[in-house]
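Given next are the chains, with one letter for each unit.
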Amino acid sequence: MCSFIGSTKKVYVAGDGPAVIVLTEMPGISPQVIRFAKWVIDAGFTVYLPSLFGVDGAVPNAEDGAAILKRACVSAEFRAFASNESSPVTQWLRHLAKHAHQECGGIGVGAIGMCFTGNFALTMMLESAMLAPVLCQPSLPFDDPSAINMSDDELHAVAARLEKDDLSVLAYRFEGDRYCRAERFDAYSKTLGKRFVAKVLPDSAAHPHPPPFFEKIVACPHSVVTAHLIDELGQPTIAARDEILQFFISKLLPTTDATLPETAPVSSNHH
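Residues numbered from 1 in each chain as written. Predicted model: local features only at pLDDT ≥ 70, side-chain atom pairs only at ≥ 80, totals over all residues. Heavy atoms only, no water.

A. Structural context of the pattern of salt bridges. A complete count under the given rule lists nine salt bridges for this structure. Residue E163 is joined to K194 by a salt bridge in which the shortest nitrogen-to-oxygen separation is 3.7 Å. Of this pair, E163 sits in helix α5 (residues 152–164) while K194 sits in the loop between α6 (182–192) and β9 (196–201), placing them 31 residues apart in sequence. Classification of E163 as partly exposed rests on a relative accessible area of 44%. Exposure remark for K194: the relative accessible area of 65% places this residue in the exposed category. One salt bridge in this structure joins D242 and R241, with 2.9 Å as the shortest N-O distance. In this structure, D242 and R241 share a single accessibility class: buried. Taken together, the shared-partner salt bridges connect E163, D166, K194 and R195 into one network. (Salt bridge = Lys/Arg side-chain N within 4 Å of Asp/Glu carboxyl O. Helix = DSSP H or I, 4+ residues; strand = E, 2+ residues; numbered from the N terminus. Buried < 20%, exposed > 50% of the residue type's maximum accessible area, 1.4 Å probe, protein only.)

Here it is, written out as structure tokens:
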């Protein structure tokens with residue numbers, strides 16, 4: 001359990017090396033999210049996996065998953081429909097990043113947000129320990145596809161920091177994702193410029209039979225490194241996974257000769 005700014009949350013921690021915070025997608029810490037976290041551990045990192053919503057380890061049916069989503073949308077911790085406003089939980093996550101850095105050492109920490117939490121990894125850049133943000137299908141705010149779930153002041157502060165410290169943001173989405181559309185990536189590019197490195201995968205790269213919540217409720221290619229990942233060598237989603245792991249290695253382990261382990265071979269098939 002981790003307690004910051006008056007809020008206590010369960011955080012799963014495993015691995016060795018610099019810290020990477022893995023932020024779960026809707027509807028919670030699924031086996032697919034855990035699988036990704038294990039890949040990060042295998043690449044040489046300590047994973048911090050905070051429980052933010054849902055039932056940890058479960059694969060909810062479509063109805064239960066939808067109920068979890070609805071509860072999160074009205075929670076005081078999140079701003080699911082807010083343009084130009086950051087979700088309050090991001091302040092807690094910035095404290096977690098600082099804490100993880102103190103515990104694990106190294107030059108800094110990384111973070112990946114997915115779907116509902118996709119943009120949170122960018123807001124966490126307001127914490128100086130954060131060096132490697134990855135945004136997978138950032139889906140908030142739900143009601144404005146061209147908006148960013150951050151206040152203007154925070155967004156411009158992050159943009160200034162990326163420039164000053166020569167850092168970049170990796171971002172992924174499927175071309176036909178209805179929850180993270182091209183307009184959102186355009187908005188990021190407009191503010192962050194060349195610091196925002198966008199990767200768009202074809203819809204054909206998505207797993208055709210994801211878990212029930214994604215098949216029935218999400219109902220479009222969406223989760224690049226979890227529910228819609230095809231775990232086969234040569235697949236574009238595996239190439240995306242390997243790019244993310246290599247990004248963490250290059251930013252957080254720059255003085256080593258670390259490369260991806262044989263269990264996570266770098267695919268030559270690039271999207």
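B. Structural view of the environment of Q91. Note on placement: Q91 falls in helix α3 (residues 89–104). Counting along the chain gives 36 residues from Q91 to E127, while the straight-line C-alpha distance between them is 9.3 Å.

C. Highlighting the pairing of strand β6 (residues 109–114). Of all six residues in β6, six are buried, a share of seventy percent or more. Here β6 shows a buried face lined by V109, A111 and G113 and a second buried face lined by G110, I112 and M114. Of the pairings in the sheet, the one linking strand β4 (residues 19–22) to β6 comprises three bridges and is parallel in character. Note that in β6 the partner of I21 across the bridge is A111. In this sheet, strand β7 (residues 130–136) lies alongside β6 in parallel orientation, the contact comprising six bridges. (Pairing = 2+ DSSP bridges.)

D. Region of interest: the nonpolar core. Grouped together as the largest cluster of nonpolar side chains are 87 residues, with contacts concentrated most on I112 and F248. Per-element tally for this core: the top contributor is helix α8 (residues 236–252), with eight residues. Leave out the neighbours within four places in its chain, and F248 touches V20, F45, G110, A111, I112, A132, V134 and L253. (Core = buried A, V, L, I, M, F, W, Y, C linked by side-chain atoms within 4.5 Å. Contact = heavy atoms within 4.5 Å.)

E. How the structure looks around the side chain of R195. Note on placement: R195 falls in the loop between α6 and β9. For R195, a relative accessible area of 10% puts it in the buried group. With near-sequence residues (within four places) excluded, R195 lies in contact with L162, E163, D166, L167, S168 and V169.

F. Inspection of α8 at higher detail. Here α8 contains 17 residues, and its C-alpha end-to-end distance of 24 Å stays within 8% of the 24 Å for a straight helix at 1.5 Å per residue. Along α8, 14 of the 17 residues are buried, which leaves the element largely enclosed by surrounding structure. (Expected span 1.5 Å × (residues − 1).)

G. Here's a closer look at the packing of helix α1 (residues 31–42) against α8. Across the interface, α1 lies against α8 with an axial gap of 10 Å and an inter-helix angle of 45 degrees. The angle between the axes of α1 and α8 places the two elements in the oblique class. Note that α1 runs across α8; the crossing there is right-handed. Packed against α1, whose contacting residues are F36, W39 and V40, the element α8 presents R241, I244 and L245 at the interface. Residue composition of the contact of α1 with α8, grouped by class: five nonpolar, no polar and one charged. (Axes fitted to C-alpha atoms, helices over the stretch in contact; angles between N-to-C directions. Parallel < 35°, antiparallel > 145°, perpendicular 65-115°, else oblique. Left-handed = near helix turned anticlockwise from the far one by under 90°. Nonpolar A, V, L, I, M, F, W, Y, C, P; charged D, E, K, R; others polar.)

H. Molecular detail of the state of the cysteines. Using the criterion set out here, one finds zero disulfides in the structure. This cysteine, C136, is not joined by any disulfide, and C180 carries the nearest cysteine sulfur, 9.5 Å off. Residue C136 is classed as buried on the basis of its relative accessible area, which comes to 0%. Unpaired in this structure, C180 has its nearest cysteine sulfur neighbour in C115, at a distance of 9.4 Å. Residue classification places C180 among the buried residues on the basis of a relative accessible area of 0%. (Disulfide = S-S within 2.5 Å.)

I. Here's a closer look at the pairing of strand β5 (residues 46–50). Across the five residues that make up β5, a large majority, five, are buried. Two elements, strand β3 (residues 11–15) and β5, share five bridges in a ladder whose sense is antiparallel. Residue pairing in the sheet places A14 in a bridge with V47 of β5. With three bridges joining them, β4 and β5 adopt parallel strand pairing. Looking at the pairing, V20 lines up with V47 of β5.

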